[in-house]
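Now for the letters of each chain:
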Amino acid sequence: QVQLMESGGGLVQAGGSLRVSCVVSGRPLRLSTMGWFRQAPGKEREFVTAISWSTTTDSADSVKGRFTTSRDNAKNTVYLQMNNLKAEERTVYYCAADISTRWTTRGTVNGYDYWGQGTQVTVSS
């Protein structure tokens, strides 16, 4: 059974930084596309960034230059580094795994097979 577990969320001041981790269990990470999404109450889940098995990355325009993702296949872990956080980015962040090697669906919720439970990021203004 594949499970994803995020950690590292918390409280940070606007302009600050936070790193969130996602550990995958039950399956080797190395061939999976891994994505990060966020969802505010009453809104749809929103693509943030993704990393392919070959470490190609892509990010939403709203976070480019501030958020990055990386992976450590030996640890079966993916990271989301968030810099210069804004108050409006206070929400729950989710990691997701696409067990195929697709890249074309990286920005869509339906492009992923497994999801973590989410971690809360609170940004104070």
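Above: the structure in question.
Residues numbered from 1 in each chain as written. Predicted model: local features only at pLDDT ≥ 70, side-chain atom pairs only at ≥ 80, totals over all residues. Heavy atoms only, no water.

A. View of the packing of aromatic side chains. For the structure on display, the rule yields four aromatic pairs. Between F37 and Y112, the aromatic rings sit 5.4 Å apart at their centres with planes inclined by 80 degrees, giving edge-to-face as the arrangement. Of this pair, F37 sits in strand β4 (residues 33-39) while Y112 sits in the loop between β9 (91-98) and β10 (114-115), placing them 75 residues apart in sequence. Comparing F37 with Y112, the two get one shared label, buried. Chaining the aromatic ring pairs together yields one cluster made of F37, F47, Y112 and W115. Geometry around Y94 places R45 over its ring, the cationic atom sitting 3.7 Å from the centre. Over the ring of W115 we find R45, and its NZ or CZ is 4.9 Å from the ring centre. (Phe/Tyr/Trp six-rings, centres within 6.5 Å; stacked < 30°, edge-to-face > 60°. Helix = DSSP H or I, 4+ residues; strand = E, 2+ residues; numbered from the N terminus. Buried < 20%, exposed > 50% of the residue type's maximum accessible area, 1.4 Å probe, protein only. Lys NZ or Arg CZ within 6 Å of the ring centre and 35° of its normal.)

B. Structural context of the state of the cysteines. According to the stated counting rule, one finds one disulfide in the structure shown. Each disulfide pairs two cysteine sulfurs, and for C22 the partner residue is C95, the sulfurs being separated by 2.0 Å. Residues C22 and C95 share a disulfide whose torsion about the S-S bond is about 55 degrees; that sign makes it right-handed. With C22 in strand β3 (residues 18-25) and C95 in strand β9, the pair connects residues that are 73 residues apart, well separated along the chain. Assigned by exposure class, C22 and C95 land together as buried. (Disulfide = S-S within 2.5 Å.)

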